[in-house]
Amino acid sequence: DDLALLDADDLEDLGYGDPAPNLPVVAVVGRPNVGKSTLVNRILGRREAVVEDVPGVTRDRVFYEAEWAGKDFWLVDTGGWEEKVDGIAYRVAEQAEVAVELADVVMFVVDANVGITTTDEQLLKVLRRSQRPIVLVANKVDDQRGELEAAALWNLGLGEPFPVSALHGRGSGDLLDAVLAVLPEEGRGDAVDHGPRRIALVGRPNVGKSSLLNRLAGERRVVVDDLAGTTRDPVDEKITLGGKEWTFVDTAGIRRRVLQSSGADYYASLRTRSALDRAEVAVVLIEANEPISTQDLKIIDMVLESGRALVLAFNKWDLLDEERRHQLEFEIEKDLGHVSWAPRVNLSAKTGRHAEKLVPALEQALESWDQRIPTGRLNAFLGTLVAAHPHPLRGGKQSRILFATQARTRPPRFVIFATGFLEHGYRRFIERRLREDFEFTGSPVVIGVRIRE
Ligand code: GDP
Ligand code: GDP
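In the annotation of an unreviewed UniProt entry, the entry for the protein reads Multifunctional fusion protein, and the organism field reads Brachybacterium rhamnosum. According to its UniProt record, the protein has this under Subcellular location (unreviewed entry): "Cytoplasm". Regarding the protein, the UniProt comment filed under Subunit (unreviewed entry) reads as follows: "Associates with the 50S ribosomal subunit."

This is the structure:
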């Protein structure tokens, strides 16, 4: 594919800064007309800033790289994106939710001359729930008289209100100092709590789950009582692989053969589901020596539904001849195209062949599952992509992508903000490019689209 790469100026024109490191994000939130965009322009230090009195003025950019006292950060002008969409402001509370998803710190702007309105209160409720640090901006305090009104805002319980005149610059230095004081060094990542990572070994009966488990556990046989009908809590096992401890969930379910051979499909599928629930990554065992079956595909679907990371293990490799190997390649292409991003390990639980390759595959899948793309980098990537490959025109209309953020990890979930519906094929295209650029090997990637019109 010949992707025409844009230079920095093009990106700038599109409203996307350079790909920056994981800078923290400051979102400027407030109801319409309190002066958000004026404030943003003030912070960016642009003299020629155009802010018009007419609501619905189209502003082209929403996402800026800003600097104060030697510290860089992303500044998000929610006023800007609110009005980008054909002049129709979308629900204020929703806007706040989005800003908060993006932000490390929220600047909550109110008009000190007007005081607190019900819309302000509505917004504040959302902001409070987010538990992000909030800096209260009392705007339009153009002179000393206004400071009295600003002081009344202590009532909100957000701490000190910062009286500011975005228009004239008054007080903006103190405000930025206060923002920097609560701004993290880096953008928000997820708190990573790494105990041993949790693996579910799943697959249809007789693919070799318990054999593989025994192989990995070093042939240690675990005797499990097999009182048919006895319900028990799932049992997990800790196994050290590649110098690290891993938790294999519900190994009792794997080792209890009576229940598996009783033909209780329903039971097996419940068991698989509950194992997936408790795991972070799934190893789906598939019998390499037999055609890929609908049952295999069903189990893979269950993994996809669960949102867990995925590794495919083709077992009984010792039984394969040349012909079957070719046939298998063909089947994989035909039936497993939708999980082509999953690492594949060809192994034999019986001989131990390539069992050690499971660990790097698991690590890679989990790394992808945990991955967070900083908002700045994501938007730089999307800016380039969308400029080279805009959404197709439909009925004279063109959906435009405004920007995106990664809302979650484990698995990575992205939210794209667009002016209209994004076709399935186009989403797939974005997902493919996202995977290529950021390496999501072994992890599902979820892309949601929020439409503003
Ligand atoms: P937004 O909708 O929150 O982005 O608000 P704007 O930045 O577009 O500002 C709305 C109006 O308030 C514009 O007419 C601005 O000129 C005006 N405004 C913004 N900040 C100040 C300020 O500090 N003092 C005064 N007097 N007017 C302001
Ligand atoms: P489970 O039902 O998924 O736990 O499968 P088992 O581990 O009980 O294995 C089912 C059968 O396949 C047993 O007879 C195993 O000895 C055999 N088996 C498991 N792994 C391999 C393998 O890699 N190669 C060969 N040839 N046989 C295997």
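Structure's up, so let's keep going.
S.K.: Is there a simple way to think about the site of ligand 2 in this case?
M.R.: G208, K209, S210, S211 and K350 are the nearest of the 17 residues found near ligand 2. No other element matches the three residues that helix 8 (residues 209-216) contributes to the shell around ligand 2. Of the residues contributing to the shell around ligand 2, the split by class is five nonpolar, eight polar and four charged.

S.K.: Can you help me understand the pairing of strand 13 (residues 401-408) in this one?
M.R.: Counting buried residues in strand 13 gives six out of eight residues, a clear majority hidden from the surface. Taken together, the six bridges between strand 13 and strand 14 (residues 413-418) define a ladder with antiparallel strand orientation. Paired with F403 across the strands is F417, a residue of strand 14. In this antiparallel pair of consecutive strands, strand 13 and strand 14, the connection spans four residues, and R410 shows a positive phi of 55°.

S.K.: Please explain the confidence of the model for the protein as it appears in this structure.
M.R.: Predicted coordinates in areas of low pLDDT are best not read in detail. The pLDDT averaged across the protein works out to 81; a share of 78% of its residues lies at or above 70. Predicted confidence is poor over residues 1-21, with pLDDT under 50, and the contacts of this stretch with residues over four places away or in other chains come to 33 contacts. Taken as a whole, residues 221-231 scores under 50 in pLDDT and shows eight contacts with residues more than four places along the chain or in a different chain.

S.K.: Whenever I open this one, the sheet that holds strand 15 (residues 446-451) confuses me. Can you help?
M.R.: The strands making up a sheet are joined through hydrogen bonds of the backbone, oriented either antiparallel or parallel. Strand order in this open sheet of three strands is 13-14-15, and the pairing throughout is mixed. Both edges of this open sheet fall to strand 13 and strand 15, since each of them pairs with a single strand only. The mean angle between the axes of side-by-side strands here comes to 25°, regardless of whether they run parallel or antiparallel. Where strand 14 lies against strand 15, six bridges are found, and the strand directions are parallel. Its bridge partner being in strand 15, A418 is matched across the sheet by I451.

S.K.: Any chance you could explain the pairing of strand 10 (residues 281-287) here in plain terms?
M.R.: Here is the key point about a regular strand: its side chains alternate between the two faces of the sheet. A large share of strand 10 lies buried, amounting to six of its seven residues. Of the pairings in the sheet, the one linking strand 7 (residues 197-202) to strand 10 comprises four bridges and is parallel in character. Considered in strand 10, the bridge of L201 is made with V283. As judged from the seven bridges shared by strand 10 and strand 11 (residues 309-315), these two strands associate in the parallel manner. For E287, the partnering residue across the bridge sits in strand 11 and is N315.

S.K.: Looking at this structure, how should I read unusual backbone geometry?
M.R.: Generally, phi is negative for residues other than glycine and the peptide bonds are trans, each holding for most cases. Going from R410 to P411, the amide bond is cis rather than trans, its omega being -5°. Phi angles above zero are rare outside glycine, and E439 is one such case at about 60°. Checked against the element boundaries, E439 lands in the loop between helix 16 (424-438) and strand 15.

S.K.: Before we go on, may I ask you to explain the sheet that holds strand 12 (residues 344-346) in this structure?
M.R.: The six strands are arranged 8-9-7-10-11-12 in an open sheet whose pairing can be described as mixed. Each of the sheet's edge strands pairs with one partner strand only, and the pair in question is strand 8 (237-241) and strand 12. Shown here is a sheet whose adjacent strand axes are inclined to one another by a mean of 30°, direction ignored. Running over the sheet, helix 8 touches strand 7, strand 8, strand 9 (244-248), strand 10 and strand 11 and is turned about 140° from strand 7. Strand contacts of helix 14 (residues 358-370): strand 7, strand 8, strand 10, strand 11 and strand 12, with the helix running at about 160° to strand 11, the strand carrying the most contacts.

What counts, and at which threshold
Residues numbered from 1 in each chain as written. Chains lettered and ligands numbered in written order. Predicted model: local features only at pLDDT ≥ 70, side-chain atom pairs only at ≥ 80, totals over all residues. UniProt positions renumbered as here; feature names shortened; annotations may be inferred. Near = placed C-beta within 6 Å. Helix = DSSP H or I, 4+ residues; strand = E, 2+ residues; numbered from the N terminus. Nonpolar A, V, L, I, M, F, W, Y, C, P; charged D, E, K, R; others polar. Buried ≥ 20, exposed ≤ 12 C-beta atoms within 10 Å, placed from the backbone. Pairing = 2+ DSSP bridges. pLDDT = per-residue confidence, 0-100. Contact = placed C-beta atoms within 7 Å. Axes fitted to C-alpha atoms, helices over the stretch in contact; angles between N-to-C directions.

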